[in-house]
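Residues per chain are reported as follows:
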Amino acid sequence: MTVIKFHKSIVLIVILFLIIGITGNIYCQTKKPVTFQGRIITTKNNQGVPNASIVVKATGNGTIADENGFFTIEIPTDTSTIYISSIGYHPRVIKIRTSSDFNPFSIKMEENTQSLDEVTIVAEKERIMRVSKDISTIKMSPKFVARLPNMGEVDIMRSFQLLPGVSATNETSAGLYVRGGTPDQNLILFDGMTIYHVDHFYGFFSAFNANTIDDIELMKGGFPAKYGGRISSVMEITGKPANLTKLNGMVTVSLLSVNAAIEVPIVKEKLSLQIAARRSYTDIIRTGLYKKIFKLYSDNSQSQQSSIPGGMRMFQQQEQQPDFYFYDLNSKLTYKINKKHTIALSLYNGKDNLDNSRDATNNFGFGGTSSVTISSTDIASWGNTGISSQWKADWNSKFNSSVFLSYSKYFSNRNQNNGTTDSTGSVGMQMNTLEDNKVQDFSLRIRNQLIINPHNTLEFGFENTFNNITYSLVFNDTSTMVDRNSKGNQSAIYLQDRIALLDKKLEMNLGMRVTHQNITGKIFYEPRASLSYQLTKNLKVESAWGKYYQLCTRVIREDVLQGSKDFWLLADGTTIPVSSSIHYILGASYEKGDYLFNIEGYYKPMDGLTEYTLRTTRSFRQASAQQEYFFKGSGYAKGIEFLAQKKYGLNTGWISYTLSEVKNTFPDLNYGKAYYALHDQPHEFKAIYSRKIKKWDLSATFVYATGKPYTAPVSQYEVTLLDGSKYEYIHVSEKNSVRLPDYHKLDLSVSYNWSSALGSETLSLSIFNVYNHKNIWYKKYEIAEDNVTVTNVNYLGFTPNISFTINFK
Amino acid sequence: MNTLSKIIGGLLSILIITSCEENNSGTNTDRLVVLEGYLYQGEPVDSIHLTQTVSFESEDTIYTPVTDAQVAIKWNDNQYVLQNIGNGYYSYTGSDLQVIEDNGYAISVQSNGREITSKTTVPKKPKGILLSDNVLYVDTTFSFGPPGNTEDEGITVTWEDPDNDYFFIVIENTDPDAADIVFGNGQFPGGMQPPGRMFRIRSEPFKNNTYTINSRSLEKYGEHMIKVYRVNQEYVDLYENRQQDSRNLTEPLTNVVNGLGIFTAFNYQEAFFLVEKK
């Protein structure tokens, strides 16, 4: 029945396309518009500028260029002026006499290098964040993100976490929790490569080096048929086009890491190589200032123990700080065959090492009469490797294609060993956990865009992804809890049509994506639709709806004692279900002068969620003899987001508030009762402020959010059985029924920019967590024979950081 | 900036108002009642026991009995209030509350503003108990090895089990003047008694309709009673998960709502046999 319904949906959508296309054409004919088609390219290397905004000054009508810089716009037949702007580039004003003189037309935009001579123009149009005309879509440019407070590395993902609807409290995860979704539910494409894990440096940074990125677009929901394979959001990252004319270089040094990039035109106007590399050196040189500041201001750097008297098991608390390093390498080779064809080869390699090991001696008993040393080894490494080739072909001004062929690999290993030794030297129980997860992805993406007329743009394409995913979990070297090795292929085709009606007041994007996966043998139909209507000059209402499927998912592995973790697996339709979601989005935006106000509400029912836990209820214990304790469930996310942004002027920034709820229901977990998802945070408030004063850039970010839920051992009890034997148990709270304290912190940043004979230089000071609030990441519990130790694993306290950047001329 | 200030003010107000509705306490320290309620067919209700969980942040060093609870058992649409008889035990003093086969019983405990409930059904009495012999002859010649490593074949007990239920066995010596069984003339290394000597033995819950009584598991001569108990699922759940794995903290399953522990009922059929020296 479902298949029949979807077939009907396809037919209806095709009919709708035809009707709308026909009416669109009729409308065009009655107005007799002149179509102006062109492409926006950089002066630097003649590459397309993605997502630039083009506005006809006389009518106020506008459009957005595609990712290759192509656009089509309707202009009056008389002399017209168009205004072109794009984040990171100087805006341009172009006068056009007749379309025939210039059609097709290339418009060159010069990259904005923060030249102080042009401060008036720059200040007017520089925006850290830009709300797109498409619903739930926001763009950022790394160039202006650099002004925000950071930990020494300009971080794209961290900046996106400051947006409404994206959680900002995950300091140890660069992944995005978008509208109740988890990071694995976001499709992250970097030059066509699917990136499976974006954490770097213990999650403080993302895996993306901002120096290699040109533009980033985040679709928080209701994304079009062009994208698939994930149920929450899409982030499309466009790598910086190589400089084909001039040698460029830059170096950034901070107290944590060094970052260097170079662009080399090997054959002028033809072949160029770009290389960027980063490495932290906290494992080699813990800079004196770094250590000193940490000791002075952060209690986290030292283990603290406090004994709480009483209780059956003594209860102690301590704090810990892990040891870490990371590196990554980005390179891109670009070859411009001719004006119409460009090929590029991108390479990415990055790895992290984290050593969270420690020994702690705890005194127990009244008066500290005995002691036990808890030794904990916790070594983890993870990383990404990716390579992609891209071919972009501009067949003519109306038709272009992009082909991406990519391979990416993600790995994650963890070795944990916990053991106790008492004061007599007697070795107690040893517990060991080995975890290994590998994801390989071979993908082919073919995207085509056909501009039928200024009111109708058709996009269609094909995608094929082959995954090989392995995961193993072994306890105490011998007990294999999970050992999965799955291979699967998924193929998808899509068709979407962007249509404008009623003098472009009504815009809609209708599409359909059809995916086949060989493991389940099923075909998944994903209809998508978005619609916006310009009610008045300032007020626009918009909505989106879509069905989404995810065949490659990250499963939560519940760990009450040491914080839950997750791992990637491939859906098989049995043990690991196919995840699905439907997005319902409704919003409105009001723009007047320098201000933008946006409100969006969303509701996302989700099905096919998976969780792994060894804590089970009776029905599952009886039903399953297998060692793999996977549970299936469903859930929902709903919320409303408010955004007020001051876009232009000396003072810019935004404030946002999100009210949301994320709940899951797993029949075999928590006795079937619904429970809050681990990332549920009902209230989240963010304020971002930026000011430019001559050579100075100042910025501040404040984040407040409700504490996250977790499951905790809370007490203990005793039960006497029939034979009189007594058994003691540790009682664990209902699933995710306890919340961490609320999260809040303030970050500040000040930068000084100047020019010298070498180039343009920037000295920045960032202060992270200015008032040193102890935000708890998770609580770690260690249970020995007669004591329970709880460790508050905290996020960073007060941490200043200085960085120096030089962009060589 | 005035507009921006107003917006910030408005949003902060919303935030403060809505935040007040949330309880963000860092730790859940609520004390839960732990119920141990065992009902036996045909016997008075006199051993309902209530204790409390002890929070890790508490200074208590013992499991505190709950002495101020209102405890009632509902049976046949009537409610029977139990009396506190000390140390967390509650008993029904009247004779009108009877534990009868196939009847359902619900318990309600009001304590500290919270109601804890549970219910159970008295299982059917095991039927058709047959002993392979009425006398078990004990060969006291000592030999090493596990219990059962003897030449006597023991007594096999069987009963009807059409529904594949759970059972457990209790064997008790009923003769107060019975002599001790002494193996190997009492000459064991170190003067120790053989392992596993128990006056009263109790098996684990199991799914089977047969049980073998071996002389090695007995301690006394004379008359013995064997009770075959039919067990409800809730006791099996508790028993099978009585050991908690400190790695994942899986607790034994409970049929107590809003609390912990167990409320269950048993029914048994007894038979008798003699133990004599071979």
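Small disclaimer: the values here were computed from a predicted structure and weren't measured.

A. Inspection of the confidence of the model for chain B at higher detail. All names here are of chain B. On average, chain B scores 78 in pLDDT, and the residues at 70 or more come to 76%. A low-confidence stretch, residues 14-29 (pLDDT under 50), is modelled with 28 contacts involving residues beyond four sequence positions or located in other chains. Of the regions scoring below 50 in pLDDT, residues 188-198 engages in seven contacts with residues more than four places distant in sequence or in other chains. Here the predicted complex carries an ipTM of 0.76, next to a pTM of 0.73.

B. Summary view of the sheet that holds strand β43 (residues 726-732) of chain A. Strand order in the open sheet formed by three strands is β43(A)-β42(A)-β3(B), with antiparallel pairing between adjacent strands. Two strands lie at the open edges of the sheet, namely β43 of chain A together with β3 (54-55) of chain B, each paired on one side alone. As paired strands, strand β42 (residues 713-720) of chain A and β3 of chain B are joined by two bridges and run antiparallel to one another. Opposite serine 715 of chain A, over in β3 of chain B, you have serine 55 of chain B as the bridge partner.

C. Up close: the pairing of strand β49 (residues 799-808) of chain A. All names here are of chain A. Bridge count between strand β16 (residues 248-254) and β49: six bridges; the pairing is antiparallel. What sits directly across from serine 254, in β49, is serine 803. Sheet analysis places strand β46 (residues 759-768) next to β49, joined by ten bridges and oriented antiparallel. What sits directly across from leucine 765, in β49, is isoleucine 802.

D. How the structure looks around the environment of isoleucine 523 of chain A. All names here are of chain A. Here isoleucine 523 lies in strand β30 (residues 522-534). Residue class for isoleucine 523 comes out exposed when judged on the 12 C-beta atoms lying within 10 Å of it. Placed 31 residues apart in sequence, isoleucine 523 and alanine 492 show a C-alpha to C-alpha distance of 9.4 Å. Apart from the residues within four sequence positions on either side, isoleucine 523 is in contact with Val514 and His516.

E. Quick look at the environment of glutamine 390 of chain A. Residue and element names in this part refer to chain A. With respect to the element layout, glutamine 390 can be found in strand β24 (residues 370-396). Glutamine 390 sits in the buried class, given 21 other C-beta atoms within 10 Å. As a C-alpha pair, glutamine 390 and aspartate 199 span 191 residues in sequence and 25 Å in three-dimensional space. In contact with glutamine 390, other than residues within four places in its own chain, are Asp191, Gly192, Ile343, Ala344, Ser402 and Phe404.

F. Structural context of the confidence of the model for chain A. Residues and elements named next belong to chain A. Predicted confidence across chain A gives a mean pLDDT of 78, with 76% of residues reaching 70 or more. Here residues 114-125 is modelled with pLDDT under 50, and outside its nearest four sequence neighbours on either side it reaches eleven contacts, counting other chains as well. Of the regions scoring below 50 in pLDDT, residues 617-627 engages in ten contacts with residues more than four places distant in sequence or in other chains.

Analysis parameters
Residues numbered from 1 in each chain as written. Chains lettered and ligands numbered in written order. Predicted model: local features only at pLDDT ≥ 70, side-chain atom pairs only at ≥ 80, totals over all residues. pLDDT = per-residue confidence, 0-100. Contact = placed C-beta atoms within 7 Å. Pairing = 2+ DSSP bridges. Helix = DSSP H or I, 4+ residues; strand = E, 2+ residues; numbered from the N terminus. Buried ≥ 20, exposed ≤ 12 C-beta atoms within 10 Å, placed from the backbone.

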